[in-house]
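# Tertiary structure, described
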Amino acid sequence: MFEQRIFETDFKTALSEELDRRSMTIRQLSEETGIPPVTLYKISSGERDPRLSTVKKIVNVFSPHHGKFIALIAAKFLLDEIEGTKVDIGGIEYRIKGYTANSLDDCILAAVRARYDGAAGIICAPILASLIERLVDVPVAIMKPEMDAVFTAVDSIAKRL
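Residues numbered from 1 in each chain as written. Predicted model: local features only at pLDDT ≥ 70, side-chain atom pairs only at ≥ 80, totals over all residues. Heavy atoms only, no water.

### Some words on the UniProt feature "domain: HTH cro/C1-type" (unreviewed entry) in the chain
Mapped onto the present numbering, the UniProt feature "domain: HTH cro/C1-type" (unreviewed entry) falls at residues 15–62. The annotated region residues 15–62 carries 75% helix and 0% strand content, and the separation between its end C-alpha atoms amounts to 10 Å. (UniProt positions renumbered as here; feature names shortened; annotations may be inferred. Helix = DSSP H or I, 4+ residues; strand = E, 2+ residues; numbered from the N terminus.)

Okay, structure coming up:
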């Protein structure tokens, strides 16, 4: 896996190995990533270190994520009902992929994992949204509880009083 290899060796070596493995040229990689060939030649020769944005583009070509998805961070019982649901956004199909979380730490780790996995966006509880927005570079939306859920919880408490 290319993204793992770049941490085990220098980027120049990992890039060269991956291009060889795929029988791909710098020019072909340039067409796939939109990175100018001259920039890729300088990186592959070791003359220049790549920017993070350049690394991301290269990793996305070598390690594409299977299908676009939106991450939903929630308790397992909520995820069971919606996991795998597909939605159409602007003519592109996205699936909902659940990330189980039962604590603040779980939520933070789930957000980072979801972004690493290639999430196009993240849905989470309102209390987490501002923190997660600072951790990831994708849109973050809050999941607001429906009033029915609030009244169901009130009923549950009323039965115990």
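### Points about the sheet that holds strand E5 (residues 140–142)
Spatially, E2-E3-E1-E4-E5 is the arrangement adopted by the five strands of the open sheet, whose pairing is mixed. The outermost strands of the open sheet, each flanked by one partner alone, are strand E2 (86–89) and E5. For this sheet, the mean inter-axis angle between neighbouring strands, taken without regard to orientation, is 30 degrees. As paired elements, E2 and strand E3 (residues 92–100) share four bridges and run antiparallel to each other. Considered in E3, the bridge of Ile 89 is made with Ile 92. Each of strand E1 (69–74), E3 and strand E4 (121–124) touches helix H7 (residues 104–117); the most contacted strand, E1, lies at about 170 degrees to it. (Pairing = 2+ DSSP bridges. Axes fitted to C-alpha atoms, helices over the stretch in contact; angles between N-to-C directions. Contact = heavy atoms within 4.5 Å.)

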